[in-house]
Amino acid sequence: MPYPQAPWTLQGYAIQTLHLVNIDRVRPLIPSELEIISVWPGKTIGSVYLSNYGSGSVLEYNELIIAPALVYHQTKMGPWISHIYVDNPDSVAGGREIWGLPKELAEFTLEGERATVRQGKQKLCSFNHIQQSWAWPIQLGASAFSAKGIDLLIFLAEFESFFGLIGSELEIPAASPFSQIGLGQPWLTVRHQQMNLRVHAPKVVGEIPI
């Protein structure tokens, strides 16, 4: 098997943006079994997560995750992941076969304060961000939802990092596969440095009828 079994331990850094998005606009991207959490009338929280996992990781790769909404099922809450891109084929295989994540291959260009993600000639998105000058140590755990076949899954990610707020600009071309989400500019951007992330195997929490 070309990829490691769960849990995956990953080390590096990440940038995450948070956005207010229209619930009606993202509802078609999310299984009907999941309830969308409204944080403002007609609005939920969307997120873009860009990371680099380097030395000390079970696999070394870059990753872009698009989560169009914060959702819940029964007593569990977390983001739904609709689009995810990496630049390591083993990560694609493991992500799809272990967690049911719709991983695709893409090309990442990380140059100082700018990052660009492409698939061939199509630009998916680009970031401009300001390097943080201070950070606090944090230790957190968060869950996320995915699906494999008819199984609705949830999995836990635990991480330690030095966390700071930064400024950023996000550009998503109209032809990008996730432009319909309507993310716009972030209202909050955070950066995790010296991050140690542990992603656990998923658990089945329901079924999605075909």
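Everything numeric here is computed off the predicted structure, so don't read it as measured data. (Residues numbered from 1 in each chain as written. Predicted model: local features only at pLDDT ≥ 70, side-chain atom pairs only at ≥ 80, totals over all residues. Heavy atoms only, no water.)

Thoughts on unusual backbone geometry
So, step 1. Here the bond from Ala-6 into Pro-7 is cis, since omega is 5 degrees, no more than 30 degrees from zero.
So, step 2. With respect to the helices, strands and loops of the structure, Pro-7 is situated in the segment before strand S1 (8-22).
So, step 3. Although it is not a glycine, Gln-74 sits at a positive phi angle of roughly 55 degrees.
So, step 4. Mapped onto the fold, Gln-74 is located in the loop between strand S5 (69-73) and strand S6 (76-80).
So, step 5. Even without glycine at this site, Gln-194 takes up a positive phi of about 50 degrees.
So, step 6. The exposure class assigned to Gln-194 is exposed, which follows from its relative accessible area of 63%. (Helix = DSSP H or I, 4+ residues; strand = E, 2+ residues; numbered from the N terminus. Buried < 20%, exposed > 50% of the residue type's maximum accessible area, 1.4 Å probe, protein only.)

Comments concerning the sheet that holds strand S10 (residues 114-119)
The strands making up a sheet associate through hydrogen bonds between their backbones, and the pairing can be parallel or antiparallel.
So, step 1. Taken in spatial order, the four strands line up as S9-S10-S11-S14 in an open sheet, and their pairing is antiparallel. In this open sheet, the two strands that pair with only one neighbour each are strand S9 (107-111) and strand S14 (168-171). Each strand of the sheet is rotated relative to its neighbour by a mean of 10 degrees, with strand direction disregarded.
So, step 2. By the bridge criterion, six bridges tie S10 to strand S11 (residues 122-129) in an arrangement that is antiparallel. Looking at the pairing, Arg-118 lines up with Lys-123 of S11. (Pairing = 2+ DSSP bridges. Axes fitted to C-alpha atoms, helices over the stretch in contact; angles between N-to-C directions.)

Regarding helix H2 (residues 89-99)
So, step 1. Considered for burial, the residues of H2 that qualify are Ser-91, Val-92, Ala-93, Gly-94, Gly-95, Ile-98 and Trp-99.
So, step 2. Two or three places before Asp-90, at the start of H2, stands the capping residue Asn-88, its side-chain oxygen 2.8 Å from that residue's backbone nitrogen. (Polar contact = N/O pair within 3.5 Å; in protein donor to acceptor, adjacent residues only side chain to side chain.)

Remarks on the packing of aromatic side chains
So, step 1. Per the counting criterion, the structure on display carries six aromatic pairs.
So, step 2. Each ring, one from Tyr-85 and one from Phe-178, has its centre 6.2 Å from the other, and the planes form 50 degrees; the classification is tilted. With Tyr-85 in strand S7 (residues 83-86) and Phe-178 in the loop between S14 and strand S15 (188-199), the pair connects residues that are 93 residues apart, well separated along the chain. When sorted by exposure, Tyr-85 lands in the same class as Phe-178, which is buried.
So, step 3. On the numbers, 4.8 Å between centres and 55 degrees between planes, the contact of Trp-134 with Trp-136 is tilted.
So, step 4. It is Arg-191 that lies over the ring of Tyr-13; its NZ or CZ is 4.6 Å from the centre. (Phe/Tyr/Trp six-rings, centres within 6.5 Å; stacked < 30°, edge-to-face > 60°. Lys NZ or Arg CZ within 6 Å of the ring centre and 35° of its normal.)

Topic: the side chain of His-83
So, step 1. Mapped onto the fold, His-83 is located in strand S7.
So, step 2. A residue is classified by how much of its surface remains accessible, and His-83, at 12% relative accessible area, is buried.
So, step 3. Polar side-chain contacts of His-83 include one of 2.8 Å to the side chain of Ser-82.
So, step 4. For His-83, the residues in contact, after removing those within four places along its chain, are Leu-64, Ile-65, Ile-66, Pro-177, Phe-178, Gln-180 and Ile-181. (Contact = heavy atoms within 4.5 Å.)

Concerning the pattern of salt bridges
So, step 1. Counted under the stated rule, the structure contains two salt bridges.
So, step 2. One salt bridge in this structure joins Glu-171 and Lys-123, with 3.2 Å as the shortest N-O distance. One end of the pair, Glu-171, is in strand S14; the other, Lys-123, is in strand S11, with 48 residues separating them in the sequence.
So, step 3. Using a relative accessible area of 16% as the deciding quantity, one classes Lys-123 as buried. (Salt bridge = Lys/Arg side-chain N within 4 Å of Asp/Glu carboxyl O.)

Notes on the nonpolar core
So, step 1. Formed by 29 residues in total, the largest nonpolar core has its most connected members in Ile-30, Leu-64, Val-71, Val-117, Phe-127 and Phe-178.
So, step 2. Of all the elements in the fold, those that place two or more residues in this core are helix H1 (23-26), strand S3 (43-53), strand S4 (61-67), S5, S10, S11 and strand S13 (151-165).
So, step 3. At three residues, S11 tops the list of elements feeding residues into this core.
So, step 4. Of all hydrophobic cores here, the second largest spans 24 residues; its members include Leu-10, Tyr-53, Phe-159 and Val-199. (Core = buried A, V, L, I, M, F, W, Y, C linked by side-chain atoms within 4.5 Å.)

Here we look at the environment of Arg-191
So, step 1. For Arg-191, the location among the structural elements is in strand S15.
So, step 2. A relative accessible area of 8% means that Arg-191 is categorised as buried.
So, step 3. Sequence separation between Arg-191 and Gly-54 is 137 residues; the distance between their C-alpha atoms is 16 Å.
So, step 4. Among all residues touching Arg-191, those that are not within four sequence positions of it are Tyr-13, Ala-14, Ile-15, His-129, Gln-131, Gln-132, Phe-162, Phe-163, Gly-164 and Ile-166.

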